[in-house]
Structure formats: C-alpha cells, structure tokens
Amino acid sequence: MANIEEQKRQYEYIDKCKEIIAKKKQDNGGHYTCAVVTFGCQMNARDSEKLEGILKEVGYEVIEDEKSADFVIYNTCTVRDNANQKVYGHLGILKARKNKNKNLQIALCGCMMQEPSVIEIIKTKYRFVNLVFGTHNIYKFAELLYRMLTSDSQIIDIWEDTDQIVEDLPVERKYSFKSGINIMFGCNNFCSYCIVPYVRGRERSREPKEIIREIENLVADGVVEVMLLGQNVNSYGKNLDNPMTFAQLLREIEKIEGLKRIRFMTSHPKDLSDELIDVMAHSNKICKQMHLPLQSGSDRILQDMNRHYTKEKYLSIVDKLRAAVPDIAITTDIIVGFPGETVDDVNETIDVIKKVGYDNAFTFIYSKRTGTPAAAREDQLDEAFVKEQFARVLETVSTEAAKRNGMYVGRTMEVLVEETNEHDKDYVTGRLSNNSMVHFKGDSSLIGSLVNVKLTESKGFYYYGEMI
Ligand code: 5AD
Ligand code: SF4
C-alpha cells in the first residue's frame, strides 16, 4: 500500500533541507552543486532520477560533472564484482579531492551498500564518506539528506528489507519525452548465481491505479514512451490484494490517451504467458522488442542456476513470439563460466544463440557473489578456460547479430524522434519500435513525434533514412 503519512514526512524534510541549502548557496557565491553518478541497470537509473528530483527540489544545482560538484552521490551496483571495484576506484580519487576540500560531501547508495562486508570496508577504509544508505530506504532520501547536512559524523543507515512503497515524491527526468516507471520492486527468484534478491529484497508490485496515474501525469507533461521496470515484470501483480497479471496491466496502460509507446524489462522466461504474447500481438503501442534473458542453453546448467525452464521451453517461447509479433527484436543476457560448466554446456548456449538469432546479447563472465548458492560450490572454473569459452560465445553473438543488421533497408517504418543528431544538426535521431536507431533529415520540432521513415541505408547497428 502507498504510504501517504511517510510521503508527508518526507516533504517536511524537503522544506527543512531547503533552508539549509539556501544558506549554503549564499555562503558559496550563489551556487551549490550536486552530481549523481549511476552504475548498473535501468532500475538504478530511475532511482537516480528520484534522487535528483529531491536534490533539485531542495535547491541544489544538479550537474553532470562530478569533479566540480560540492556533493557527489554514487548510486552503486553489485551484480558483478567489477561493479564493486569501479566504485572503490572512484572513491580513491574522491579521497584525494576531499583531502584538499573538506567541504566536499559524499554519499553512497544502491545495491552494493546492502552487502554487510562492503559496509565494514566503508567504516574502516572510507571514513570520509558522509552518508551511506541502501535500496530499501531510498524513499527517505530527504530525511537522510537532512541528517547529513546537520551532522559532522558519518551516517550509515541500511535496512534489511521493506514492505513500503512511497508514491509521489519529486523526480527529475533525464528525457522530456520518455521515462522509466517502476511497476514492481525486488525479486523472489533466487537464481543461484544472483545477488539481486538479497540486495533488492522481496518482490512488491505497485498498485495498478498508482502506475496508471503516474503515467497519465507523465503524458500530460510531454512523455510519449514509457519503459515499465521490474526485475521480473512477468510476475507483476501476483502479490497484490486484488491480483492481476502483467498482461492485464498492459491492457490498461494501452488505453492511456496520448501515450504512444510502451516498453518493458526484464522478462523471465519461466513466467512469460501466452496471454502476454496475445496482448503484444494485438497492441498498437507495445514495442516489438523483448529482452528475454537466457543465461544458459544447457538444461543441466539452467537447473543448477534455478531458472525453472529448459532449452526447449525457451525456444518454444521464442517461436510463439516470432509467430505472433512479426519483426520483433529479441535480446538476451548470457552468463559464461557458471560453476561446473563444460564445453558441451557452452555448445548448447551457442546452439540457442544460433537458433534464436538475437538482435543483441549481453554476455557476462560469471562473477562469484558471496552469499549466493553458486558461490559456495567447489567446482568454480579456471579463468583461462572461461575466457576461451566467453570468446566463442561472443563470436557467435556478433555473427548472428550482424546477420540481422540492415534487414529492414527498403522498408518504411515508424520512428519516434528522440533528439537532434549530435554530429549534424540538420539530422534527427529516433528509434524504431524494435529499438534500432535511425538518423534522418529533420529538425528539433519533430522531437517526441512518431513519423514514417523510409530506411535507405544500414550502418551496422543503425540506419539512415528519409522521412515521408
Ligand atoms: N555473474 C555474472 N553475471 C550475472 N548476472 C547476474 N548475476 C551475475 C553473476 N553473478 C547477469 C545476468 C542478469 C544480468 C542483469 O546480469 O545475466 O540477467
Ligand atoms: Fe537475479 Fe534471477 Fe532475479 Fe534476475 S530473476 S534479478 S537474475 S535472481
């Protein structure tokens, strides 16, 4: 349930922060700046927009360049170990800056902060960080900010979980015409390699009426495309007081006047229903794009990963999608190097890549995440072997994606215009329903509109075209 009391409290803290920031601005020659640096997925990007909304509301000038900001926030990711290493690298640089400028303020938040071992390291090695909070209390950011602004000691506030969903706090959108929308938080799947369920907590769906209201408000504010966000959108609504399916939610969102495009991610193959495929097939607004993480094509590894589907089941979903939604682009995530994986297992993954013909596949080397079941296994693989297998998979992914490059040259397709071209201001850039990029002659007045473009030339991952 949305918590109105909590929302009110946060607005009170916003007012209190406003007074403090106004004073700091005066002392600082009229400027007081803040930069939010985002690591990781689209969920984090959306969380950062929420942080920025509050920062702007209380009076900070939100800037891109962290090097000149008076306050720097790192919104962290921990899905693979290299994400953690990146944050420590950045903190090393910040330490040198803080030694020169004691007024610099630093906050850390996001998934990595939900790991107790990380907090221990921050408490000992990174005492100069002012504020640390996690994923569950991000809705209390105004209050946490107030505590930071009124204290000289390091503030660490991490919760193990929450059942709260707080609606209607300020949000600063990165794009005027498109926006991410959280439809659910957390994950209950416990794939055996994945740390997300431990750092993002249990699955909680937002009430459909809150989602619809948020989208209606966004549309009134110029948004024409939404990306519905959740770790596993296909299980949306199961835990609501009045349960509803993701497909039913999509039907409701489709009815919103003025909204032109609907995208969503991420889908879990185990929960992808025929009802969803049917809704996609009959929709005018749902984009022809499906991100469907495979992880592995080997039944044995899929079982060890706790994924709850087989290679055959996965391929049958793809067949159904392709039959029902012509021109659909399918993308995926793949992990190479899961404990115990053999050359034969990787061959199975390669077989699926070839059979599906992905438009793009994000391929990751398995990263051991402490606390997950896979991390406790003794059959962790040799690095050199994994690198070899990774190269084989990557090669197949590139070959298959290249086959799909340029397949729509000659066709006229709808493009949503997103921006003027960075390199040539006589051109604009937009996206097809399947998310491919298209450049064509046009001006900024087209931004946010859907236009028909004849695709004349392919440049690998993008097209050139002519508006008609
Ligand atoms: N190691 C490597 N990749 C991982 N992912 C999740 N956990 C791990 C891990 N421990 C990948 C999965 C997921 C994507 C977001 O990150 O492929 O779909
Ligand atoms: Fe991680 Fe699996 Fe949940 Fe995705 S579905 S966030 S891979 S546990």
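Keep in mind it's a predicted model, so treat the numbers as computed, not measured. In this convention, every chain numbers its residues from 1, walking through the sequence in written order. Throughout, the order in which chains and ligands are written sets their labels, letters from A for the former and numbers from 1 for the latter. Totals for whole chains, interfaces and linings use all residues, but because this is a predicted model, local features are given only for residues with pLDDT of at least 70 and pairs of side-chain atoms are given and counted only at 80 or more. Think of the side-chain values as coming from all heavy atoms in the structure, minus any hydrogens and water.

Undergrad: Sorry, what's going on with the sheet that holds strand 13 (residues 329-336) here?
TA: Paired through backbone hydrogen bonds, the strands of a sheet run either parallel or antiparallel to each other. Strand pairing is assigned whenever DSSP detects at least two bridges linking the two strands. In DSSP terms, a helix is any run of H or I states spanning at least four residues, a strand is any run of E spanning at least two, and both are numbered starting from the N terminus. With parallel pairing, the three strands of this open sheet are ordered in space as 12-13-14. Pairing within the sheet leaves two strands with one partner each, and these edge strands are strand 12 (289-291) and strand 14 (360-365). Direction aside, the axes of adjacent strands within the sheet are offset by 10 degrees on average. Alignment of strand 13 against strand 14, held across six bridges, turns out to be parallel. Orientation is described by axes fitted as lines to C-alpha atoms, over the contacting stretch for helices, and by angles from 0 to 180 degrees between their N-to-C directions.

Undergrad: Explain the site of ligand 2 here, please?
TA: Residues in contact with ligand 2, as listed here, are C187, N189, F190, C191, Y193, C194, V196, P197, Q231, H268 and R307. Of the residues that constitute the shell around ligand 2, the class distribution is seven nonpolar, three polar and one charged. Only heavy atoms are used to decide nearness, and a residue is near a molecule or strand if one of them lies within 4 Å of it. In this classification, the charged set is Asp, Glu, Lys and Arg, the nonpolar set is Ala, Val, Leu, Ile, Met, Phe, Trp, Tyr, Cys and Pro, and all remaining amino acids, among them Gly, are polar.

Undergrad: Would you explain the side chain of T266 in this entry?
TA: Here T266 is to be found in the loop between strand 11 (261-265) and helix 9 (274-282). Partly exposed residues are those whose accessible area sits between 20% and 50% of the maximum for their type, while under 20% is buried and over 50% is exposed, using a 1.4 Å probe and protein chains only. Judged by relative accessible area, which is 18%, T266 ranks as buried. Any two residues whose heavy atoms approach within 4.5 Å at even a single point are treated as in contact. The contact partners of T266, leaving out residues within four places of it in the chain, are G230, Q231, N232, V233, H291 and P293.

Undergrad: Help me out: how do you make sense of the sheet that holds strand 19 (residues 462-467) in this one?
TA: Ordered in space as 15-16-17-19-18, the five strands form a closed barrel in which the pairing is mixed. Here the average twist between neighbouring strands, direction ignored, is 50 degrees. In this sheet, strand 18 (residues 450-459) lies alongside strand 15 (residues 412-420) in antiparallel orientation, the contact comprising five bridges. Bridged to V415 within strand 18 is V451.

Undergrad: Where do I start with the site of ligand 1 in this structure?
TA: By nearness alone, every residue bordering ligand 1 is listed as V79, R80, Y193, Q295, D333, I335, F364, I365, Y366, S367 and R369. Here a polar contact means two N or O atoms within 3.5 Å. Within protein one must be a hydrogen donor candidate and the other an acceptor candidate, and residues neighboring in sequence count only if both atoms are side-chain atoms. Side-chain polar atom of R80 to an oxygen atom of ligand 1: 2.9 Å apart, as the coordinates give it. One of the backbone N or O atoms of S367 is found 2.8 Å from a nitrogen atom in ligand 1. Per-residue and other accessible areas follow the Shrake-Rupley method at a 1.4 Å probe size, with only the shown protein chains counted as cover for residues. Here ligand 1 loses 85% of its free accessible area of 410 Å² to cover by the protein chains. Those elements that provide at least two residues to the shell around ligand 1 are strand 13 and strand 14. Considered class by class, the residues forming the shell around ligand 1 number six nonpolar, two polar and three charged.

Undergrad: I keep staring at the nonpolar core and nothing clicks. Help me out?
TA: Buried together is how nonpolar side chains tend to be arranged in soluble globular proteins. By convention a nonpolar core is built from buried Ala, Val, Leu, Ile, Met, Phe, Trp, Tyr and Cys residues, the set being connected through side-chain atoms within 4.5 Å. Within the largest apolar cluster, 56 residues are counted, with the highest numbers of intra-cluster contacts made by I215, L228, F246, I253 and F264. With near-sequence residues (within four places) excluded, I253 lies in contact with I211, I212, I215, L228, L259 and I262. With 27 residues, the next largest nonpolar core counts Y32, L131, I138 and L145 among its residues.

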